[in-house]
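A structural walkthrough
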Amino acid sequence: MASATCANAGRYEDDLLILQFGRLVEVFRDRFEVDQRQFSWESTSHVLEGCNDELGISVVRLMRYGEGDVAGVGLWKHLWIETILVHQTRWGRLQLRWLGTPLASPDQQAIASCEIGQPFRAYHGIHIAVRDEKRGWSKLWQHLPSDLADCEFIRWEGPSRFRVLMYDNHRVVGGGNRWESVIEFTPTTLTRTDGPKTPTKHTPEPTP
């Protein structure tokens, strides 16, 4: 379905996700690995979520999951989720590490997202990229406030200004707070203006 929105430029062949852009090809390989010595396994998969021709971006979701039982450590589980933006450059194609859906500014000269993916934090927080004449898109900012436990993008309010909804520990027992923040950026500065905080309550999921 995503390939159809990408003018059929994406296809799956066995364990490969292949993105075709004219004569250029970008390949992602799914894997399933077993380590018998560590009694562990890990799988890596790629899903083409869609394309935006106006932005020149293909959106690929990567998910890596594994678990095992290590002597002296015990049982462990590992979940890694990130977004890869494949975009055109003057010389070919590049991959931009991201998290969440990239949303374009009114003039389509910037993209942003605000998302937290548990439990790992490598690409979490607020992402901002801008168009680059040579490199297609260049990451301008990745901002992860220390008080941020979750984040939702609300809307753009200008070419370099957008609004997000933030939470601090709203999933823990007793809840936390939520508030709206306005993010404004330039090539050298990023400012965040917080609105008033509103208490939130955590509602435990019903036990089956």
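Above this text you will find the structure in question.
Residues numbered from 1 in each chain as written. Predicted model: local features only at pLDDT ≥ 70, side-chain atom pairs only at ≥ 80, totals over all residues. Heavy atoms only, no water.

**Here we look at the sheet that holds strand E12 (residues 136-143)**
Strand order in the open sheet formed by four strands is E9-E10-E11-E12, with antiparallel pairing between adjacent strands. Edge strands, defined here as strands with exactly one partner in the open sheet, are strand E9 (103-104) and E12. Here E9 pairs with strand E10 (residues 110-115) via two bridges, running antiparallel. The residue bridging Leu103 from the neighbouring strand is Ala112, located in E10. (Pairing = 2+ DSSP bridges. Helix = DSSP H or I, 4+ residues; strand = E, 2+ residues; numbered from the N terminus.)

**Regarding unusual backbone geometry**
Unusually for a residue other than glycine, Asp14 sits at a positive phi of about 55°. Along the chain, the position of Asp14 falls in the loop between strand E1 (10-13) and strand E2 (16-21). With a phi close to 60°, Gln108 is a non-glycine residue in the positive phi region. In this fold, Gln108 is placed in the loop between E9 and E10.

**Here we look at the state of the cysteines**
Per the counting criterion, the structure on display carries one disulfide. Linked covalently through their sulfurs, Cys114 and Cys151 form a disulfide whose S-S length is 1.4 Å. On the S-S bond that ties Cys114 to Cys151, the torsion sits near 100°, and the link is right-handed. Here Cys114 is found in strand E10, whereas its partner Cys151 is found in strand E13 (residues 150-158), with 37 residues between them in sequence. (Disulfide = S-S within 2.5 Å.)

**Some thoughts on the sheet that holds strand E5 (residues 40-52)**
Pairing between the strands of a sheet is mediated by backbone hydrogen bonds and can be parallel or antiparallel. Taken together, five strands build an open sheet; the order of strands is E4-E5-E6-E7-E8 and the sheet is antiparallel. At either margin of the open sheet sits one strand with a lone partner, and together these are strand E4 (31-35) and strand E8 (93-98). The sheet shows a mean angle of 20° between the axes of neighbouring strands, direction not considered. Alignment of E4 against E5, held across five bridges, turns out to be antiparallel. Bridged to Arg31 within E5 is Thr44. (Axes fitted to C-alpha atoms, helices over the stretch in contact; angles between N-to-C directions.)

**Concerning the packing of aromatic side chains**
One pass over the structure, following the stated rule, counts seven aromatic pairs. An angle of 25° between the planes, with centres 5.6 Å apart, marks the rings of Phe32 and Trp41 as stacked. Exposure remark for Phe32: the relative accessible area of 56% places this residue in the exposed category. For Trp41, a relative accessible area of 29% translates into the label partly exposed. Look at Phe153 and Trp156: their rings are 6.1 Å apart centre to centre, the planes differ by 50°, and that puts the pair in the tilted class. Look at Trp156 and you get buried, because its relative accessible area is 14%. Among the aromatic side chains, those forming a connected cluster through ring pairs are Phe153, Trp156, Phe162 and Phe185. Above the plane of the ring of Trp179 lies Lys197, whose end atom (NZ or CZ) is 4.5 Å from the centre. (Phe/Tyr/Trp six-rings, centres within 6.5 Å; stacked < 30°, edge-to-face > 60°. Buried < 20%, exposed > 50% of the residue type's maximum accessible area, 1.4 Å probe, protein only. Lys NZ or Arg CZ within 6 Å of the ring centre and 35° of its normal.)

**Observations concerning the side chain of His127**
Relative to the helices and strands, His127 is located in strand E11 (residues 125-132). Residue classification places His127 among the buried positions, given a relative accessible area of 0%. Reaching out from His127, the side chain makes a polar contact with the side chain of Lys139 at a distance of 3.2 Å. (Polar contact = N/O pair within 3.5 Å; in protein donor to acceptor, adjacent residues only side chain to side chain.)

**Topic: the pairing of E10**
Taken across its six residues, E10 has five buried, putting it largely inside the fold. Two successive antiparallel strands, E9 and E10, enclose a turn made up of five residues, where Gln108 displays a positive phi of approximately 60°. Where E10 and E11 come together, six bridges link them in antiparallel fashion. Each bridged residue has a counterpart across the sheet, and for Ser113 the counterpart in E11 is His127.

Nothing here speaks to function; it is all geometry.
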